[in-house]
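What follows is each chain in one-letter form.
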Amino acid sequence: MAKKGRVFSGARPTGRQHLGNYLGAIKNYVAMQADYDCVYCIVDVHALTTVETTQDLKQNTVEMALDWLAAGIRPEDSILFVQSHVPEVMELHMYLSMVTPLGKLTDLPTFKEKIRQQPDNVNYGLVGYPVLMTADIVLYKTDIVPVGIDQAPHLEFAREIVRSFNYRYNTKVLVEPQVKHTEVLKVLGIDGREKMSKSLNNHIELALTPEETIKRVKEMVTDPARVKRTDPGNPDVCNVFTMHKIFSPQSDIDMVNTECRTAGIGCVDCKLLLANNLNKHLEPFRAKRTELASQQNYVQDVINDGGKRARAIAQKTMAEVREAIALP
Ligand code: SF4
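A separate point is the overall build of the protein chain. Secondary structure summary: the protein chain contains 13 helices and 5 strands in total. Since a compact globule built from 328 residues should have a radius of gyration of about 20 Å, the 22 Å found for the protein chain is in line with a globular shape. Based on the C-alpha atoms only, the size of the protein chain along its principal axes is roughly 80 × 45 × 40 Å. When burial is assessed residue by residue, the protein chain has 49% of its 328 residues classed as buried.

Below you can see the structure in the form of structure tokens.
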């Protein structure tokens, strides 16, 4: 069946993925392969704007790719590659930077947020981040970029940069990417307060062992009103119940929904039930991960092959871009 166009998405190499990554992005990446030519990029160069040391970069890249592959990214259909393996993106970034007003970049809320987060490391790369992101997207003649509602302004900015380039050089060589709004599930961490994130250490990794999963789920914060086992609870304010609704069969969800309110079930048993359901859900993923990890160089080979395929597209685009600019 003919595909509907090319999708591009990128994510920083954050190592082993957690439930928040899975529900917020990976699941969608896997699903989109049915309808689109998918290009998935591990954006290691973007990571350099914030990381202080690069000693884990390689390992984090491999672990992340392994999780994506085990979750169902098919390298025979999709391109999975590492940003720095296609150096053409840096060249396009440079050309695009010439048509991007500096004031707009420094006015972006994301840039201001980064200044707040790392006041001692406000580097040039941070300012140009959206330009590099645009280069990532348009280098592969991307039709569609899946974004959550909060990311939509970035894509609009990327489209503006493309329009400026095409206008400046009187060309149509760069394609304006379209937004595909995806419902990004906001998954709370085990603290029940903040979004699940590795940096907050409130995450549950997909590749944990069943025992580690149980241990982590046991740490989850529940309805604070349930101090004693005999106190009735409210599942609607409890993140354990939210997770049940995602990973448990309907019969368990219904049971918890009723029994929690009458103190018929205690939080310890409720969490154990969730952990077991979670382990069941992740069993095929974990088996596949173990199998792929046992194949020597498998991930590296996939990434290398993806890099070659991505680069072939990129080189073609860059030849057109240089011609459009009329470089000597
Ligand atoms: S019984 Fe379950 S849903 Fe109810 S408060 Fe405890 S952990 Fe949350």
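For the rest of this paragraph, the subject is the packing of aromatic side chains. Two descriptors summarise a pair of aromatic rings, namely the distance from one centre to the other and the angle between the planes of the rings. Tallied over the entire structure, the rule returns 6 aromatic pairs. Seen from their ring centres, Tyr29 and Tyr40 are 4.4 Å apart, and the 15° between their planes marks the pair as stacked. Of this pair, Tyr29 sits in helix H1 (residues 19-32) while Tyr40 sits in strand S2 (residues 37-42); the two residues are 11 residues apart in sequence, bridging distant segments of the chain. By the ring-pair criterion, three or more aromatic residues cluster together here, those being Phe8, Phe81 and Tyr140.

This part takes up the pairing of strand S3 (residues 79-82). Of the two faces of S3, the one holding Ile79 and Phe81 and the one holding Leu80 and Val82 are both buried throughout. Here S2 pairs with S3 via 4 bridges, running parallel. Looking at the pairing, Ile42 lines up with Val82 of S3.

What follows concerns the pattern of salt bridges. Counting across every chain of the model gives 18 salt bridges. One salt bridge in this structure joins Arg74 and Asp77, with 2.7 Å as the shortest N-O distance. Residue Asp77 is classed as partly exposed on the basis of its relative accessible area of 39%. Put simply, Glu320 and Lys141 hold a salt bridge, and the shortest N to O gap is 2.5 Å. One end of the pair, Glu320, is in helix H13 (residues 298-325); the other, Lys141, is in the loop between helix H7 (124-139) and strand S4 (144-147), with 179 residues separating them in the sequence. Bridged by salt links that share partners, the residues Glu156, Arg159, Arg163 and Glu176 form one connected network.

This paragraph deals with the site of the ligand. Around the ligand, the neighbouring residues are Thr222, Asp223, Arg226, Cys238, Val240, Phe241, Val256, Cys260, Cys267 and Cys270. Secondary structure elements with two or more residues in the shell around the ligand: helix H10 (239-247) and helix H12 (267-294). Here the residues of the shell around the ligand sort into 7 nonpolar, 1 polar and 2 charged.

The next thing to look at is the pairing of strand S5 (residues 178-181). Direction of pairing for S4 relative to S5: parallel, over a ladder of 4 bridges. Its bridge partner being in S5, Pro146 is matched across the sheet by Lys180. Handedness of the S4-helix H8 (residues 152-168)-S5 crossover: right-handed.

Parameters and conventions
- Residues numbered from 1 in each chain as written.
- Predicted model: local features only at pLDDT ≥ 70, side-chain atom pairs only at ≥ 80, totals over all residues.
- Heavy atoms only, no water.
- Helix = DSSP H or I, 4+ residues; strand = E, 2+ residues; numbered from the N terminus.
- Rg over C-alpha atoms; globule rule 2.2 N^0.38 Å.
- Buried < 20%, exposed > 50% of the residue type's maximum accessible area, 1.4 Å probe, protein only.
- Phe/Tyr/Trp six-rings, centres within 6.5 Å; stacked < 30°, edge-to-face > 60°.
- Pairing = 2+ DSSP bridges.
- Salt bridge = Lys/Arg side-chain N within 4 Å of Asp/Glu carboxyl O.
- Near = heavy atom within 4 Å.
- Nonpolar A, V, L, I, M, F, W, Y, C, P; charged D, E, K, R; others polar.
- Right-handed = clockwise from strand over helix to strand, strands pointing away.

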